[in-house]
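Summary of structural features
Chain residues, written in single-letter form:
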Amino acid sequence: DAGVTQSPTHLIKTRGQHVTLRCSPISGHKSVSWYQQVLGQGPQFIFQYYEKEERGRGNFPDRFSARQFPNYSSELNVNALLLGDSALYLCASSPDILVANTEAFFGQGTRLTVV
Amino acid sequence: AQSVTQLDSHVSVSEGTPVLLRCNYSSSYSPSLFWYVQHPNKGLQLLLKYTSAATLVKGINGFEAEFKKSETSFHLTKPSAHMSDAAEYFCVVSEAAAGNKLTFGGGTRVLVKP
């Protein structure tokens, strides 16, 4: 069974550019969440999507946006990149966000470097 | 609001000795608690989760954690460390009322000495 897949695995961008990160959840999972992990810190919640609707947003600027497609895959977009956006971006899929104790399954992440 | 504090940013143990990683949490509702492990250049892997069925939870690779509501703690232990246990460990809390969004602690990096 395929796990959570993210693309690309690594990315180098210049300040001011735009980036799109992609995530395919585990088959049958309807929820995708995005997390940012800055070096040396724990992951921070960015967005949660369930059944193609945004269900939660963390404390990130409007430069960050996301969407979920009919096949439940998701994209994370970041505009006007800053050096501080350099991080590992993790995607997590869950079968259902409405059930307690739901486990999240993580992809390998996309390492974004802004220069 | 939910939050997690991991009391040690680094833990160093000798191979074959016990490992203790400390975690305290804050939650407005009945929380779900997890421990995840992250090996270098790898994604996050679930070690174990607390689901209110039992306060002592057993996970993979010999790890276990004990939920203590009175102390709002969820410490992770392993009786005998192995070299392969060297990694970053994250204590995580979520609440169904908050859509099961995960709140991570700052992480504890474990070094295992031969």
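The structure reproduced in this document is the subject of the present report. Since we're looking at a predicted model, the values are computed, not measured.

Another point: the overall build of chain A. Helix and strand counts for chain A come out as zero helices and eleven strands. Tracing chain A from N to C terminus, the helices and strands come up as β-β-β-β-β-β-β-β-β-β-β. Computed over C-alpha atoms, the radius of gyration of chain A comes to 13 Å, within 12% of the 13 Å expected from 2.2 N^0.38 for 115 residues, which places it in the range of a compact globule. Judged by the C-alpha coordinates and their principal axes, chain A covers about 40 × 30 × 30 Å. Looking at chain A as a whole, 50% of its 115 residues qualify as buried. A total of about 5500 Å² of accessible surface is found on chain A, and carbon and sulfur atoms cover 49% of it. Distance from the positive charge centre (10 side chains) to the negative charge centre (9 side chains) of chain A: 9 Å.

Looking now at the state of the cysteines. One pass over the structure, following the stated rule, counts two disulfides over all chains. At a sulfur-sulfur separation of 1.8 Å, the disulfide partner of C23 of chain A is C91 of chain A. Taking the sign of the S-S torsion, about -65° here, the bridge from C23 of chain A to C91 of chain A comes out left-handed. Here C91 of chain A lies in strand β9 (residues 87-94) and C23 of chain A lies in strand β3 (residues 19-24), a separation of 68 residues in the sequence. A relative accessible area of 1% means that C23 of chain A is categorised as buried. Classification of C91 of chain A as buried rests on a relative accessible area of 0%. One disulfide bridge connects C23 of chain B with C91 of chain B, the sulfur atoms lying 2.0 Å from each other. Between C23 of chain B and C91 of chain B, the disulfide has an S-S torsion of -65° and is therefore left-handed. Remark: C91 of chain B occurs in strand β10 (residues 87-94) and C23 of chain B occurs in strand β4 (residues 23-26); sequence separation between them is 68 residues.

Another point: the interface of chain A and chain B. Tallying the contact residues gives 24 residues for chain A and 20 residues for chain B. Summing both sides of the interface, chain A and chain B together bury roughly 1700 Å²; the carbon and sulfur share of this comes to 50%. On the surface where chain A and chain B come into contact, there are zero salt bridges. On the surface where chain A and chain B come into contact, there are four residue pairs in polar contact (both at pLDDT 80 or more).

Trans is the prevailing form of peptide bonds, just as negative phi is the prevailing case for residues other than glycine. Cis geometry is adopted by the peptide bond preceding P8 of chain A, which originates at S7 of chain A and carries an omega value of -10°. Relative to the assigned elements, P8 of chain A resides in the loop between β1 (5-7) and β2 (10-13). Unlike most non-glycine residues, N61 of chain B shows phi in positive territory, near 60°. Topologically, N61 of chain B is positioned in the loop between β7 (56-58) and β8 (64-68). Positive phi, normally seen in glycine, also occurs at T72 of chain B, with a value near 40°. Looking at the element boundaries, T72 of chain B is found in the loop between β8 and β9 (73-78).

Turning next to the packing of aromatic side chains. Describing an aromatic ring pair means giving the distance of the ring centres and the angle of the ring planes. Across all of its chains, the model carries 14 aromatic pairs over all chains by this definition. Note on F106 of chain A and Y36 of chain B: the rings are 5.4 Å apart at their centroids and 85° apart in plane angle, and the pair reads as edge-to-face. Note that F106 of chain A is positioned in strand β10 (residues 105-106) and Y36 of chain B in strand β5 (residues 32-38), a pairing that runs across two chains. The same class applies to F106 of chain A and to Y36 of chain B, which are both buried. Taking the centre distance of 4.0 Å and the plane angle of 20° together, the rings of Y50 of chain B and F67 of chain B count as stacked. Taken together, the positions of Y50 of chain B in strand β6 (residues 44-50) and F67 of chain B in strand β8 put the pair 17 residues apart, joining distant regions of the chain. On the accessibility criterion, Y50 of chain B (8% relative accessible area) is buried. Residue class for F67 of chain B comes out buried when judged on its relative accessible area of 9%.

What counts, and where the lines are drawn
- Residues numbered from 1 in each chain as written.
- Chains lettered and ligands numbered in written order.
- Predicted model: local features only at pLDDT ≥ 70, side-chain atom pairs only at ≥ 80, totals over all residues.
- Heavy atoms only, no water.
- Helix = DSSP H or I, 4+ residues; strand = E, 2+ residues; numbered from the N terminus.
- Rg over C-alpha atoms; globule rule 2.2 N^0.38 Å.
- Buried < 20%, exposed > 50% of the residue type's maximum accessible area, 1.4 Å probe, protein only.
- Areas by Shrake-Rupley, 256 points an atom, 1.4 Å probe, with all protein chains shown as cover.
- Lys, Arg positive; Asp, Glu negative; His and termini not counted.
- Charge placed at Lys NZ, Arg CZ, Asp CG, Glu CD.
- Disulfide = S-S within 2.5 Å.
- Contact = heavy atoms within 4.5 Å.
- Buried area = accessible area lost by both parts, 1.4 Å probe.
- Salt bridge = Lys/Arg side-chain N within 4 Å of Asp/Glu carboxyl O.
- Polar contact = N/O pair within 3.5 Å; in protein donor to acceptor, adjacent residues only side chain to side chain.
- Phe/Tyr/Trp six-rings, centres within 6.5 Å; stacked < 30°, edge-to-face > 60°.

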